[in-house]
Amino acid sequence: QVQLVESGGGLVQAGGSLRLSCAASGRTFSSYNMGWFRQAPGKEREFVATIKWSGGSTNYADSVKGRFTISRDNAKNTVYLQMNSLKPEDTAVYYCAADRSQWRIVVTTRQTDFGSWGQGTQVTVSS
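Rules of the game
- Residues numbered from 1 in each chain as written.
- Predicted model: local features only at pLDDT ≥ 70, side-chain atom pairs only at ≥ 80, totals over all residues.
- Heavy atoms only, no water.
- Disulfide = S-S within 2.5 Å.
- Helix = DSSP H or I, 4+ residues; strand = E, 2+ residues; numbered from the N terminus.
- Buried < 20%, exposed > 50% of the residue type's maximum accessible area, 1.4 Å probe, protein only.
- Pairing = 2+ DSSP bridges.
- Axes fitted to C-alpha atoms, helices over the stretch in contact; angles between N-to-C directions.
- Phe/Tyr/Trp six-rings, centres within 6.5 Å; stacked < 30°, edge-to-face > 60°.

**Student:** Would you explain the state of the cysteines in this entry?
**Tutor:** Think of a disulfide as a covalent bridge from one cysteine sulfur atom to another cysteine sulfur atom. The tally for this structure, following the rule as stated, stands at one disulfide. Across the disulfide, Cys22 is cross-linked to Cys96 (sulfur-sulfur distance 2.1 Å). Judged by the sign of its S-S torsion, about -80 degrees, the bond between Cys22 and Cys96 is left-handed. With a gap of 74 residues between them, Cys22 in strand 3 (residues 18-24) and Cys96 in strand 9 (residues 92-102) connect regions that are remote in the sequence. Across the pair, Cys96 and Cys22 agree in class, each one buried.

**Student:** Can you walk me through the sheet that holds strand 3 in this structure?
**Tutor:** The strands that make up a sheet pair up through hydrogen bonds in the backbone, lying either parallel or antiparallel. Strand order in this open sheet of four strands is 1-3-8-7, and the pairing throughout is antiparallel. Of all strands in the sheet, those bounded by a partner on one side alone are strand 1 (4-7) and strand 7 (68-73). Strand-to-strand twist of the sheet, defined as the mean angle between neighbouring strand axes without regard to direction, takes the value 15 degrees. Where strand 7 and strand 8 (residues 78-83) come together, six bridges link them in antiparallel fashion. Residue pairing in the sheet places Phe68 in a bridge with Met83 of strand 8.

**Student:** Honestly, the packing of aromatic side chains in this entry has me stumped. Any pointers?
**Tutor:** Two numbers describe a pair of aromatic rings. These are the distance of the centres and the angle of the planes. Counted under the stated rule, the structure contains four aromatic pairs. On the numbers, 6.1 Å between centres and 65 degrees between planes, the contact of Phe37 with Phe47 is edge-to-face. Within this pair, whereas Phe37 is found in strand 4 (residues 32-39), its partner Phe47 is found in strand 5 (residues 46-51), the two being separated by 10 residues in sequence. For Phe37, a relative accessible area of 0% corresponds to the buried category. Owing to a relative accessible area of 17%, Phe47 belongs among the buried residues under this scheme. Seen from their ring centres, Phe37 and Phe114 are 5.2 Å apart, and the 70 degrees between their planes marks the pair as edge-to-face. Placement of Phe37 in strand 4 and of Phe114 in strand 10 (residues 114-117) is noted, with a sequence separation of 77 residues between them.

Next up, the structure:
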């Protein structure tokens, strides 16, 4: 399994930006699709964005499309989530996750397809 550690969360005003990072251990990071998910207080965890192992394909939730960008640097074993134009409704704990399977061709958005999870990082957007 891949070990994941998120960082970069914090408190920001509405309209501001944050960049989350997720550092992965292991030499096989570049073979896994990666994803970001979030859980707001009192709500279920939801999909935010996913990226193919090659970096060549991405998916976004409609609620973040055009504001968030997922990217990865396989040389650094790191996946990023650039979040711009933040809104109070983006407030949540953000989790990084790695696909259960290596070299998956289709980049899914299902949480059940992701088998390794980080501990989460809190993002709070004030109005």
